[in-house]
Amino acid sequence: MGVMARPNDEVEALLQEYADLLSITGGDAFKVRAYERAARAIGGHHEDVSALDAQALRALPGVGRSVAEKVAEFFRTGRVQAIEDVRARIPAGVRQLTAVPTLGPKKAAVLYHDLGISSVEEMVAAIHDERLRDLKGFGPKTEENILHGVELLQQAGDRALLDVAWELAAEIVDELSAVTGCLRCTHAGSLRRFRETIGDIDILAAAEDSGPLMERFSRLSIVDEVVAAGEKKTSVRTSKGLQVDLRVVPPQAWGAALQYFTGSKAHNIRVREMAVHAGLKLSEYGLFDADTGELVVSETEEKVYQRLGLPWIAPPLREDRGEVEAAARGGLPELVTERDIRGDLHTHTDLTDGVSSLEDMVRAAAGRGHAYYAITDHAPDMAMQRMSEEKILAQRARVRELADEYPRLRLLHGTELNIAPDGEVDWPAEFLAGFDLCVASVHSHFTQSGPEMTRRLVRACENPCVNIIGHPTTRLIGRRPAVDADLGEVFRACARTGTALEINSAPDRLDLRDEDILHAKRYGVRFAINSDAHATQQLGLLRYGVGTAQRGWLTRDDVINTWPWAKLRAFLRKGRERDSASKHSKHSKRGAAGRG
Ligand code: DGT
Ligand code: CA
Ligand code: CA
Ligand code: ZN
């Protein structure tokens, strides 16, 4: 791949850690925020920062002299003395505490200083002894949230997020495909099924002789340790602790092997039962006649499924959620694909917490061949972003100017509203009517009771200006649980009011998740698959949202941002009053961006 700037991610993690450590040691809040901002800017920067000199680094938003110096020191020596110093002052167990969802550095500092707690285990014991609830800022509800956070952390365990596994697998497949004698190579397992987290990466290759492939695989630069090496299978562990299995099969067994190692295990069991009923035997080597042991088919997945009387089943469906039965009766959904997506409806710029400029984001969107594209920066309730009517109107004027430069890309000016605890949003209706679309999301008060949260989301749906509920459950994989709400009620409200639910493509969100999507679809809800990009290269995250939508059995019709503009425009109009200006622009070439 090569285009993914790994050094940027490393620096981002390092600076974020520094911010957390400063926060634990009671460092000044302004400095903490400055490092957080610099971390995001570097993580989201499109060029490899290890190639930039101090001056070029300081041109990045939020990167001042001290950050630039630390980054330069890191690339020169592999470490940063100032960070080593704070690390040394804080026990490793306390740093581990900051990773617990809902706890964070400030509460971790209180636990350490006031109770001498320096590990997750000690903290759990203290909660059971009810020793936390008397601390300032803690209470029974905090304890409950922390315990839930510990549980989440343990569930996520050593599983990798989808993008991390995807990029690594793509790099490995590239390297192995270049080996002489490699006839085919691809990823299989949970990654091919787009599961939201990945236990280990499974790579499959076809070759007459597995030797050169195994040899090359063991020597890849990402390999930290070879766990097991054999003729058919080699397993390695990367420096980040992720395991990768490579299996090499003879070319004639490719289809059966790919089918087997793609899984899921539950799907395979179901398919194998069908084979047994047909007097056949299915294994990773092929489909065989049960009596004679003769090979029937094995070269392609299509042929294996076909011989069992089934059409090919897309990997994201292979979870034993009724796909085998649906396939048998010709009822598989025609899944939405990345190519069907005509535009992104939730993106940010550096006017709020994004790191790329409006101009760069629009250029990148045009480069992706989108037909329409919405800028949706945060509204004023997110106080940190300091948004104002003036600022957003100035942005709108700039969006209209840009619209002339991109005649084939319809630019939409929107906003991401904040859903307050009572379901209200930031701006009054008259002002909201000036936007082409509004996303509305929950960004705080995550622990409201089920009935309160349900009412909050339903009220947001009932707002005639709200078109899309952003990251509807607000879960962060391994870090924050989904909000407690009656999702059935929310789905009913969405269907009734013409409000779409977002499938947020950020790999640590994937929100809605696959099972909730399946559930929501039954209510007739429409969906929007959005990147929520805060930097140009994040526009490509849509792939993971589409994979998640496929796991939710969605078709093109279910997803509003696959629709042609005329149909999407009608949907976005929702319950809004149509003023004369918008009636007029219906016929104008400038379209949506010229409205309001
Ligand atoms: P993961 O790695 O936990 O994210 O999930 P998978 O699905 O990638 O699981 P993994 O790596 O253990 O195995 C890859 C595939 O190989 C799995 O999806 C199905 C197949 N497989 C592995 N073990 C078995 C088994 O005991 N029975 C059957 N039928 N298939 C298996
Ligand atoms: Ca796996
Ligand atoms: Ca595996
Ligand atoms: Zn957003």
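Just above sits the structure.
Residues numbered from 1 in each chain as written. Chains lettered and ligands numbered in written order. Predicted model: local features only at pLDDT ≥ 70, side-chain atom pairs only at ≥ 80, totals over all residues. Heavy atoms only, no water.

**As for the sheet that holds strand S2 (residues 184-187)**
The condition is simple: Whether two strands pair comes down to DSSP finding at least two bridges between them. Secondary structure counts use DSSP, requiring at least four H or I residues in a row for a helix and at least two E residues in a row for a strand, with both numbered from the N terminus. Note on method: axes are straight lines fitted to C-alpha atoms, helices fitted across the in-contact stretch only, with angles between N-to-C directions ranging 0 to 180 degrees. Residues are treated as being in contact if the distance between any of their heavy atoms lies within 4.5 Å.
In space, the 5 strands of this open sheet follow the order S2-S4-S7-S6-S5, with mixed pairing throughout. Single-partner strands in this sheet number two, and they are S2 and strand S5 (223-229). Sheet twist, expressed as the average angle between the axes of neighbouring strands with direction ignored, equals 20 degrees. In the packing of helix H12 (residues 211-218) onto the sheet, the strands contacted are strand S4 (200-206), S5, strand S6 (233-238) and strand S7 (243-249), and the crossing angle to S7 comes to about 170 degrees. Against the sheet, helix H13 (residues 254-262) touches S2, S4 and S7, its axis set at about 175 degrees to S4.

**Concerning the coordination of the zinc ion (ligand 4)**
The criterion, for reference: Metal-coordinating donors are taken as N, O and S atoms lying within 2.8 Å of the metal, or within 3.2 Å when the metal is Na, K or Ca; because water is left out, some sites can appear incomplete. Using a 1.4 Å probe on the protein chains alone, a residue whose accessible area is under 20% of its type maximum counts as buried, one over 50% counts as exposed, and one in between counts as partly exposed.
Coordination sphere of the zinc ion (ligand 4), protein contribution only: His346 (NE2), His348 (NE2), Glu416 (OE) and Asp532 (OD), at 2.0 to 2.4 Å. Counting the intervening residues between successive donors of the zinc ion (ligand 4) yields the motif H-x1-H-x67-E-x115-D. Taken together, the positions of Glu416 in strand S13 (residues 410-418) and Asp532 in the loop between strand S17 (527-530) and helix H23 (542-551) put the pair 116 residues apart, joining distant regions of the chain. Neither Glu416 nor Asp532 differs from the other in exposure class; each is buried.

**Focus on helix H22 (residues 514-521)**
The complete set of buried residues in H22 reads Asp514, Asp516, Ile517, Leu518 and Ala520. Buried residues along H22 sit in contact with helix H21 (487-497), strand S16 (500-504), S17 and H23.

**Focus on the coordination of the calcium ion (ligand 3)**
Taken together, the protein donors to the calcium ion (ligand 3) comprise Asp200 (OD), Asp200 (OD), Asp202 (OD) and Asp245 (OD), at separations of 2.3 to 2.6 Å. The sequence pattern describing where the donors of the calcium ion (ligand 3) fall on their chain is D-x1-D-x42-D. Between the calcium ion (ligand 3) and the calcium ion (ligand 2), a separation of 3.7 Å is found, and both are coordinated by Asp200. Linking Asp200 in strand S4 with Asp245 in strand S7, this pair joins segments that are 45 residues apart in sequence. Among the residues examined, Asp200 registers a relative accessible area of 24% and is labelled partly exposed.

**Side note on the site of ligand 1**
Selection criterion: The rule for a residue being near a molecule or strand is that one of its heavy atoms must lie within 4 Å of it. The definition of a polar contact used here is a pair of N or O atoms within 3.5 Å, where within protein one atom must be able to donate a hydrogen and the other to accept one, and adjacent residues in sequence count solely through side-chain atom pairs. Each accessible area is a Shrake-Rupley result for a 1.4 Å probe, and residues are judged covered by the shown protein chains and nothing else. Residues are grouped as follows: nonpolar covers Ala, Val, Leu, Ile, Met, Phe, Trp, Tyr, Cys and Pro; charged covers Asp, Glu, Lys and Arg; every other residue, Gly included, is treated as polar. Domain delimitation follows an automatic or database domain assignment.
Lining the immediate environment of ligand 1, one finds 16 residues, of which Arg159, Ser190, Arg193, Gly199 and Asp200 sit closest. Between ligand 1 and Asp202 there is a distance of 3.0 Å, counted from an oxygen atom to a side-chain nitrogen or oxygen. When ligand 1 sits alone it has 590 Å² of accessible area, and the protein chains cover 73% of it. When the residues that make up the shell around ligand 1 are grouped by side-chain class, the tally is 3 nonpolar, 7 polar and 6 charged. Residues from two domains meet in the shell around ligand 1; each of domain 2 (160-249) and domain 3 (254-328) gives at least three.

**Comments concerning the packing of aromatic side chains**
This is how it is decided: Geometry of aromatic contacts follows a simple scheme: Phe, Tyr and Trp rings, the Trp one being its six-membered ring, pair when their centres are within 6.5 Å, and the pair is stacked under 30 degrees between planes, edge-to-face over 60, tilted otherwise.
Per the counting criterion, the structure on display carries 11 aromatic pairs. Ring centres of Tyr18 and Tyr35 lie 4.8 Å apart, and the angle between their planes is 85 degrees; this geometry places the pair in the edge-to-face category. One end of the pair, Tyr18, is in helix H1 (residues 6-24); the other, Tyr35, is in helix H2 (residues 29-43), with 17 residues separating them in the sequence. As far as burial versus exposure is concerned, Tyr18 and Tyr35 are alike and both buried.

**A word on the side chain of Asp426**
Selection criterion: Charge assignment: positive for Lys and Arg, negative for Asp and Glu; neither His nor the chain ends contribute. Salt bridges are identified by distance alone: a Lys or Arg side-chain nitrogen within 4 Å of an Asp or Glu carboxyl oxygen.
Residue position: Asp426 is located in the loop between S13 and helix H19 (429-432). As a buried residue without a salt bridge, Asp426 has its nearest oppositely charged side chain in Arg456, at a separation of 9.8 Å. A distance of 2.8 Å separates a polar side-chain atom of Asp426 from the backbone nitrogen of Asp381. Side-chain polar atoms of Asp426 contact the backbone nitrogen of Asn418, separated by 2.7 Å. If we skip the residues at most four places from it in the chain, Asp426 touches Ala379, Pro380, Asp381, Met382, Leu417 and Asn418.

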